[in-house]
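Residue-level structure breakdown
If you want the building blocks of each chain, they are given just below.
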Amino acid sequence: MNERSRQFDIKNAISGVLVVDKPVGLTSHDVVQIIRKGTNIRRAGHTGTLDPRASGVLVVLIGPAVRLSEYVSASDKRYQAVIRLGEATDTYDSEGRVVSTSPVNITEEQFVEALQQFVGEIEQVPPPYSAVKVQGRRAYEMAREGEEVDLQPRKIKVYSLELLEWAPPEAVIDIHCSSGTYIRSLANDLGRVLGCGAHLVGLRRTRSGRFTLRDAVPLRKLREAFENGTWYQYLIPAAEALADWPAVELDHEQVELIRHGHRIPGQPGIGKMVRAINEQGELVALLEYDENTHEWQPKKVFFS
């Protein structure tokens, strides 16, 4: 085997997760491009956009692990948000044009009470300046051209909202929510309920799925590691990306069956979807339990 094909094999064998602490000023796509260039691996993708003005946990899947994206993207998120009361903007954040101003005559108790209206399963309308598609076009493109953007509400879940700091006209809140929640919309809706208007001025994602800021490497450090060839130390095994899923360990014979798309006997009560791990702890496949046949059906296989 020549050196070039050996490197190709090594690159194709690399599969895992890089958890980045994204700085303010870069898009999520910018970070993915930096990782592609730094690792020399084309197959890479993030699992949930962070706005350029937001910082914090950005989960990037590399190599075959990108096939986990739909499952990792659906994970819950946690944020710290700085909300400014008294001003509403057209973008629902500080980038936009101020559309209304009001005096802020609100007590801390009134603010906390208003917050609780947004806890639970609620309907939320995405911001007009968002990447949501309306009849094939991005909402922000239509909004920039002055067109009326009619966005439909979506069901989201807000598990908790906690006031961390009360310093009117600003408040810092901790938000634990489902994937697909727009924190800008939450800020705008909160301002409407309070009657004074509000917008988002700062956002930091502190958790995405099972990954927290503790798992995240600052992009500056990652860039240094790309230069000196030590970035592998930050690569988290693909199996860890869904560590909150139940796991089933397979022996060599079962791994071979699953690899070729065959079902294997299942056990009830473990879960509808599980991770299949080999004896070395590597991710083999995602399996779905068939209640009729009591078998594990391979949904996605990662060993070929």
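Please read these numbers as outputs of a predicted model, since none were measured by experiment.

To continue, consider the sheet that holds strand β16 (residues 247-249). Pairing is mixed in the open sheet, where five strands are placed in the order β16-β18-β19-β20-β17. Each end of this open sheet is capped by a strand with a single partner; those strands are β16 and β17 (264-265).

The probe, sized like a water molecule, is rolled over the atoms to show the empty space still left. Considering all chains together, one arrives at one cavity of 30 Å³ or more under this definition. Computed from the structure, the largest cavity encloses a volume of approximately 90 Å³. Taken together, D51, R53, A54, D93, R184, L200, V201, G202 and L203 make up the full set of residues lining the largest cavity. Tallying contributions element by element places strand β12 (residues 198-208) first for the lining of the largest cavity, with four residues. The residue makeup of the lining of the largest cavity, split by class, is four nonpolar, one polar and four charged.

All right, on to the confidence of the model for the protein chain then. Mean pLDDT over the protein chain works out to 90, with 88% of the residues at or above the 70 mark. Note on residues 1-10: pLDDT under 50 across the span, and two contacts to partners over four residues away in sequence or across chains.

What follows covers the environment of I277. Mapped onto the elements, I277 comes out in strand β18 (residues 273-277). Take I277: its relative accessible area is 10%, and that puts it in the buried class. Ignoring anything within four residues of it in the chain, the contact list for I277 reads A239, A247, V248, E249, L250, E282, L283 and V284.

Conventions used here
- Residues numbered from 1 in each chain as written.
- Predicted model: local features only at pLDDT ≥ 70, side-chain atom pairs only at ≥ 80, totals over all residues.
- Heavy atoms only, no water.
- Pairing = 2+ DSSP bridges.
- Helix = DSSP H or I, 4+ residues; strand = E, 2+ residues; numbered from the N terminus.
- 1 Å grid on protein atoms, 1.4 Å probe; cavity = no way out; pocket = protein on both sides within 12 Å on 5 of 7 lines; lining within 4 Å.
- Points joined across faces, edges and corners; volume = space filled by probe spheres on them.
- Nonpolar A, V, L, I, M, F, W, Y, C, P; charged D, E, K, R; others polar.
- pLDDT = per-residue confidence, 0-100.
- Contact = heavy atoms within 4.5 Å.
- Buried < 20%, exposed > 50% of the residue type's maximum accessible area, 1.4 Å probe, protein only.

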